[in-house]
Amino acid sequence: MKTLLCRALFRIRAALFLSVVLGAGGVDTRADEAGDTLGRELAVASGAEAWKRVKRVEFTFNVEVGGESKMQARHVWDVAAGLDTVTVNGVATTVDVRGGAPAEGPEKAAYARWVNDAYWLLMPLKVLDPGVNRSALGTVEFAGKPHEALQLTFGEVGLTPKDRYVIYIEPDTRRLAGFDHINADGKKRTALRQGQTEVGDMVFATDFAFAGPRIFLTDLKVE
């Protein structure tokens, strides 16, 4: 009974959130209704309402293999101004993230870094982005437990529009448990969430394990 009540409350809050984000026009007509509902519940459970008040985010994107650091990218993202300062190997580049990828130069690489790393940070919220098609796949087993599966495909948006994701959602909390990433060539990588960080009313999945590498976010600050 408690689980059913929680799900009902998630649906009500999610509907209110989407009405604010998309306006009276409502749902993306390319996505199925069950997928829309599941996507909204995921976003709301992760703190979509609180994100609308965020002005600044700092975090470090890390890749580790066998306990050895392979890459770090530090982000100081002025969300209000649409500017991200990306620091890799001691070199800082500031890029405008609102107008699409720059044609060349260090800003192009910084923009690509922001697209990738911010997606890891905000995946549960970005399921509602324009151009994202959501499809509910029902209840499936993930990491030995039943989860609800949400498939994401894309229109001509982002840097890799032919990729797709299957996101696994905890049935009780409606939070991200992990995902499959399938690239344009059909190669699949599965990520299992190992840790999460709560900041105010927001919950960020900040630690993922693959078959080999570990991808995790540190130094997270949200204002």
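Our subject is the structure that appears above.
Residues numbered from 1 in each chain as written. Predicted model: local features only at pLDDT ≥ 70, side-chain atom pairs only at ≥ 80, totals over all residues. Heavy atoms only, no water.

In this section: the pairing of strand β1 (residues 56–65). Burial within β1 is extensive, with 8 of its 10 residues counted as buried. As paired strands, β1 and strand β2 (residues 68–78) are joined by 10 bridges and run antiparallel to one another. If you follow F61 over to β2, its bridge partner there is A73. Remark: 2 residues form the turn of the hairpin made by β1 and β2, two consecutive strands paired antiparallel; G66 in that turn has positive phi of roughly 60 degrees. (Buried < 20%, exposed > 50% of the residue type's maximum accessible area, 1.4 Å probe, protein only. Helix = DSSP H or I, 4+ residues; strand = E, 2+ residues; numbered from the N terminus. Pairing = 2+ DSSP bridges.)

The residue D207 is located in strand β10 (residues 202–209) in this model. With residues up to four places along the chain from it excluded, the contact list for D207 reads L192, R193, Q194, G195, R214, I215 and F216. (Contact = heavy atoms within 4.5 Å.)

Between its first and last C-alpha atoms helix α4 (residues 106–126) spans 25 Å; for 21 residues at 1.5 Å apiece the expected length is 30 Å, and the helix comes up short by more than 12%. At W120, α4 shows its maximal kink, close to 65 degrees; a proline, P124, follows between one and four residues later. (Expected span 1.5 Å × (residues − 1). Bend = angle between axes of the 7 residues up to and from the residue.)

Attention now moves to the pattern of salt bridges. Tallied over the entire structure, the rule returns 15 salt bridges. Here R174 makes a salt bridge to E41, at a shortest N to O gap of 2.7 Å. You can see R174 sitting in the loop between β7 (164–169) and β8 (176–182) and its partner E41 sitting in helix α2 (residues 33–46), a full 133 residues away along the chain. The exposure classification of R174 matches that of E41, with both residues buried. One salt bridge in this structure joins E58 and R56, with 2.9 Å as the shortest N-O distance. With a relative accessible area of 12%, E58 lands in the buried category. Members of the salt-bridge network, linked through shared partners, are E41, E148 and R174. (Salt bridge = Lys/Arg side-chain N within 4 Å of Asp/Glu carboxyl O.)

In terms of nonpolar packing, the biggest core is built from 47 residues, with F61, L152 and I167 touching the most fellow members. Counting residues per element, this core draws most heavily on α4, which supplies 10 residues. Leave out the neighbours within four places in its chain, and I167 touches L42, M123, V127, E148, A149, L150, L152, L176, G178 and F179. Counting residues in each nonpolar core, the second largest holds 6 residues, with V166, Y168, A177 and I182 among its members. (Core = buried A, V, L, I, M, F, W, Y, C linked by side-chain atoms within 4.5 Å.)

Pairing is antiparallel across the open sheet formed by 11 strands, whose spatial order is β4-β3-β2-β1-β11-β10-β9-β8-β7-β6-β5. The open sheet has two edge strands with one neighbour each: β4 (91–96) and β5 (132–142). Each neighbouring strand pair of the sheet contributes to a mean axis angle of 25 degrees, computed without reference to strand direction. Two elements, β7 and β8, share 6 bridges in a ladder whose sense is antiparallel. The residue bridging R164 from the neighbouring strand is I182, located in β8. Each of β1, β2, β3 (83–88), β4, β5, β6 (145–154), β7, β8, β10 and β11 (213–222) touches α4; the most contacted strand, β2, lies at about 85 degrees to it. (Axes fitted to C-alpha atoms, helices over the stretch in contact; angles between N-to-C directions.)

Purely spatial values, then, with no claim about function.
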